[in-house]
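Residue-level listing of the chains:
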Amino acid sequence: MFDIHCHVIPEVDDGARNWEIALQMCAMAWQDGIEHIVATPHANDEYIYDRRYLEETLDLLRRKCGGQPALSLGCDFHFSFENIQDALTHPGRYTIGDTPYILIEFSDFSLPPSIDGQLAQMMNMGFRPILTHPERNPILQKTPDRVLEWARAGCVVQVTANSLTGRWGKQAEALARWLIDQNAVHVVATDAHSTNSRPPILSEAREQVRKMAGDMVAEALVRDNPRAIVKGELLPYLPEV
């Protein structure tokens with residue numbers, strides 16, 4: 001399995017608090033069957049995203065865990081005006097590796113009227129936006145059809161693994177399942193922050209998807225599509241929404 005959303009780099013955001021926890025997260029992911037993690041530190045008003053420093057720190061983590069799992073760098077990109085302008089100016093600063101894919105996190109408190117135009121502008125510039133955990137967003141829980149519209153427009157949709165097992169409440173679980181039923185989920189990722197309440201575990205969510213939609217879809221969401229993202233390729237599983 002491939003996990004494209006994980007806060008495993010130590011001491012840079014609200015994810016792994018120290019090196020011991022980071023290494024424990026890597027070991028837990030590897031044991032669960034995750035062979036590649038994209039480390040995705042936050043870029044928002046609270047946490048500075050220094051790509052060079054993060055690359056150096058990730059390289060050290062890579063050596064410490066012995067390549068089990070493989071590690072690459074991405075970003076949990078807060079969809080703010082300042083971030084968008086910086087990304088348009090420096091296209092490779094926030095993407096997953098050197099691919100065009102970029103994780104985008106919307107605010108829980110407001111969605112700007114310009115959001116559709118801004119997403120379109122980024123896609124016109126060559127970005128492939130991955131919308132992270134819309135099922136957990138209080139605004140989108142009330143307006144879920146917007147997620148379908150963005151998926152039809154070309155955005156990739158990623159839900160959190162333990163949303164499907166109830167960690168984020170009944171509304172998040174129900175919306176995650178509804179989006180899967182609508183063919184509007186392309187990736188399941190852990191969004192792991194620790195080894196306890198938000199662990200790097202994908203196998204349990206894979207089983208839930210398998211029960212809902214069958215083996216092919218389950219493997220597509222945790223293996224085939226995220227592997228293609230890491231490689232910068234088009235998604236092999238892209239059903240009509």
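Just so we're clear, the structure is a prediction, and the values are computed from it rather than from any experiment.

Novice: Lay out helix α4 (residues 115-124) with the relevant residues and their values.
Specialist: Along α4, the residues classified as buried are Ile115, Gln118, Leu119 and Met122. One face of α4 carries all of its buried residues, which in axial projection span an arc of 100°. As for α4, its buried residues are in contact with α3 (81-89), β6 (101-105), β7 (128-132) and α6 (145-153). Backbone geometry just after α4 places Gly126 at a positive phi near 105°.

Novice: With reference to specific residues and values, describe the pairing of strand β8 (residues 156-160).
Specialist: For β8, the buried fraction is high: five of the five residues fall into the buried class. Here β8 shows two buried faces, one formed by Val156, Gln158 and Thr160 and the other by Val157 and Val159. The pairing of β8 with strand β9 (residues 187-189) spans three bridges and is parallel. Of the residues in β9, the one forming a bridge with Thr160 is Ala189. Following the backbone out of β8, through helix α7 (residues 170-181) and into the adjacent parallel β9, one traces a crossover that is right-handed.

Novice: Outline the packing of aromatic side chains, supporting the account with residue identities and numerical values.
Specialist: Per the counting criterion, the structure on display carries four aromatic pairs. Here the aromatic rings of Phe79 and Phe106 are separated by 5.5 Å at their centres, their planes lie at 80°, and the arrangement is edge-to-face. Of this pair, Phe79 sits in the loop between β5 (76-78) and α3 while Phe106 sits in the loop between β6 and α4, and the two are 27 residues apart along the sequence. One aromatic cluster is present, built from ring pairs that chain together Tyr49, Phe77 and Tyr94. The ring of Trp19 carries the charged tip of Lys64 above its face, separated from the ring centre by 5.6 Å.

Novice: Quick one: what's the story with the packing of α3 against α4, residue by residue and with numbers?
Specialist: Helices that pack against each other are described as a pair by the angle of their axes relative to one another and the distance between those axes. Orientation of α3 relative to α4, taken along the N-to-C sense of each, is 15°, at an axis distance of 11 Å. One way to sum up the angle between α3 and α4 is to call them roughly parallel. Handedness of the crossing formed by α3 with α4: left-handed. On α4, the residues that touch Phe81, Ile84, Ala87 and Leu88 of α3 are Gln118, Gln121 and Met122. Of the residues assigned to the contact of α3 with α4, the class counts are five nonpolar, two polar and no charged.

About the thresholds
- Residues numbered from 1 in each chain as written.
- Predicted model: local features only at pLDDT ≥ 70, side-chain atom pairs only at ≥ 80, totals over all residues.
- Heavy atoms only, no water.
- Buried < 20%, exposed > 50% of the residue type's maximum accessible area, 1.4 Å probe, protein only.
- Helix = DSSP H or I, 4+ residues; strand = E, 2+ residues; numbered from the N terminus.
- Arc of directions from axis to C-beta.
- Contact = heavy atoms within 4.5 Å.
- Pairing = 2+ DSSP bridges.
- Right-handed = clockwise from strand over helix to strand, strands pointing away.
- Phe/Tyr/Trp six-rings, centres within 6.5 Å; stacked < 30°, edge-to-face > 60°.
- Lys NZ or Arg CZ within 6 Å of the ring centre and 35° of its normal.
- Axes fitted to C-alpha atoms, helices over the stretch in contact; angles between N-to-C directions.
- Parallel < 35°, antiparallel > 145°, perpendicular 65-115°, else oblique.
- Left-handed = near helix turned anticlockwise from the far one by under 90°.
- Nonpolar A, V, L, I, M, F, W, Y, C, P; charged D, E, K, R; others polar.

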